[in-house]
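Each chain is listed here by its residues.
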Amino acid sequence: MSFDGLNMNIGNLFLLSDAKTRSISPENYTGEKGKGGMCELEDGFARKAAQTLGKGWKVNPYIIIPAGETFTIADIEGPGCIQHIWLTPTGKWRNTILRIYWDSQDAPSVECPIGDFFASGWNAFAQISSLAVCVNPGSAFNCYWQMPFKNHCKMELVNRDETPVTMYYQIDYTLTNVPEDAAYFHAQFRRVNPLPYKGVYTIIDGVKGKGQYVGTYLAWQTNNCGWWGEGEIKFYIDGDGEFPTICGTGTEDYFCGSYNFENQETHQYEPFTTAYAGLPYVSKQDGVYKSQQRFTMYRWHIVDPVRFESDLKVTIQALGWRNDGRYLPLQDDISSVSYWYQTLPAEPFPELPEKDYMEII
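The structure displayed is predicted, hence computed values, not measured ones. (Residues numbered from 1 in each chain as written. Predicted model: local features only at pLDDT ≥ 70, side-chain atom pairs only at ≥ 80, totals over all residues. Heavy atoms only, no water.)

Peer 1: Looking at this structure, how should I read a nonpolar patch on the surface?
Peer 2: A cluster of nonpolar side chains, namely L131, Y276, I302 and V303, defines an oily patch on the protein surface of about 360 Å² accessible area. Looking at where I302 falls in the secondary structure, it is placed in the loop between β20 (293-300) and β21 (306-308). You can call I302 partly exposed: its relative accessible area is 36%. (Patch = residues over 30% accessible without salt bridge, like charges linked within 9 Å, V, L, I, M, F, W, Y side chains within 5 Å. Areas by Shrake-Rupley, 256 points an atom, 1.4 Å probe, with all protein chains shown as cover. Salt bridge = Lys/Arg side-chain N within 4 Å of Asp/Glu carboxyl O. Helix = DSSP H or I, 4+ residues; strand = E, 2+ residues; numbered from the N terminus. Buried < 20%, exposed > 50% of the residue type's maximum accessible area, 1.4 Å probe, protein only.)

Peer 1: Please explain the environment of H301 as it appears in this structure.
Peer 2: When you line up the elements, H301 lands in the loop between β20 and β21. Spatially, the C-alpha atom of H301 lies 37 Å from that of P66, the residues being 235 residues apart in sequence. Within the structure, H301 has its side chain in polar contact with the backbone oxygen of D304 (distance 3.3 Å). (Polar contact = N/O pair within 3.5 Å; in protein donor to acceptor, adjacent residues only side chain to side chain.)

Peer 1: Looking at this model, I keep getting lost on the environment of G229. Mind explaining?
Peer 2: Along the chain, G229 turns up in the loop between β15 (211-222) and β16 (233-237). Sequence separation between G229 and R22 is 207 residues, and the spatial gap between their C-alpha atoms is 44 Å.

Peer 1: Could you clarify how one ought to interpret the nonpolar core in this entry?
Peer 2: Within the largest apolar cluster, 56 residues are counted, with the highest numbers of intra-cluster contacts made by I82, F117, W145, M147, F185 and Y339. No other element matches the 5 residues that strand β12 (residues 165-175) contributes to this core. Look past the residues within four positions of M147 in its chain and what remains in contact with it is G80, C81, I82, I85, I100, W102, F117 and F185. In this structure, F261, L279, F295 and I334 belong to the second largest nonpolar core, which totals 31 residues. (Core = buried A, V, L, I, M, F, W, Y, C linked by side-chain atoms within 4.5 Å. Contact = heavy atoms within 4.5 Å.)

Peer 1: What's the story with the packing of aromatic side chains in this structure? I'm lost.
Peer 2: Each aromatic ring pair is specified by the distance between its two centres and by the angle formed by the two planes. A complete count under the given rule lists 28 aromatic pairs for this structure. For the pair Y62 and Y168, a centre-to-centre distance of 5.1 Å together with 50° between the ring planes defines the contact as tilted. Taken together, the residues Y62 in the loop between β1 (20-24) and β2 (63-65) and Y168 in strand β12 connect sequence positions 106 residues apart. Owing to a relative accessible area of 16%, Y62 belongs among the buried residues under this scheme. Measuring from centroid to centroid gives 5.0 Å for W93 and F141, while their planes differ by 80°, and the two rings are edge-to-face. Here W93, found in the loop between β4 (80-89) and β5 (96-102), pairs with F141, found in strand β9 (residues 140-143); they are 48 residues apart in sequence, far enough to count as distant. W93 gets classed as buried once you look at its relative accessible area, which sits at 9%. Following the ring pairs from residue to residue traces out a cluster consisting of W93, F117, F118, F141, W145, F185, Y298, W300, Y339 and Y341. The ring of Y101 carries K154 above its face, with NZ or CZ at 4.9 Å from the centroid. (Phe/Tyr/Trp six-rings, centres within 6.5 Å; stacked < 30°, edge-to-face > 60°. Lys NZ or Arg CZ within 6 Å of the ring centre and 35° of its normal.)

Below, the structure is given as structure tokens:
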């Protein structure tokens, strides 16, 4: 019995496969078989720590990316599938950008700050236990989105900061046959700060091709008092005009919560993290400089992907309440990452905002 190694789960782990397991890290930049831990002592970033032990003794477990430079963390000839990405960074997470290119495309299919990509947009740790993303102590980012590619995969980390960043990382993948109908993983970051009055926040737009939308992450800062999550999410699918095919009933409803994410006994926000949805981060004001309340939310469409044939647009309203019981359009600070699979070639992403505009204060 043979198995191609894609879509492994606990129900089929016993099946044999001809797939070849490989892994890239600073101790094996290329992922080649039998080439791990070969860094010469004088070439390793940890050469001082390993000076009395020598080659093979954790000589190069991390990289240092100088200010303003780009480092290619993976360059893989396919066919294959990325199965797991782990990394733990230093510095400001918004200033390190992850880019992934599939099959020698000129434009990236993934372009996100590393914190936001791993559902951690406020540069603050919050534990996450989900099927697609896990964030573990102290700042361990894990991605389990399956990312098949037919010919080539390139991953880059771009340091937009004025200081170097240290990065530990590991990319686990398999070299295996990929079905002809396999789509390519995409993820795009956006931010608007503040959202214009009566404006609608666009999570994703300009998607052209066939595929399925599989996830939403939001980092939301409220700039008003009171509840902020009355807004509806809307999916405009395959030529929808003024009105969408899918219209939600409220922000917390879409993220699989209800009634303000409120603990009905303590009357406080109740953070939670589950396989498919969560509110992992709720900030606490400190009475001085941490004056605004901040939230992070994720919703993975793993068992309910949103299918599209030709195009897709996703928006969400920002709504609170006025004192007289009417809705209040909010002017909040909203960032997002959208996750989807689609055919290639894809439309190029809008250019990322400048570093200062993306900064978390």
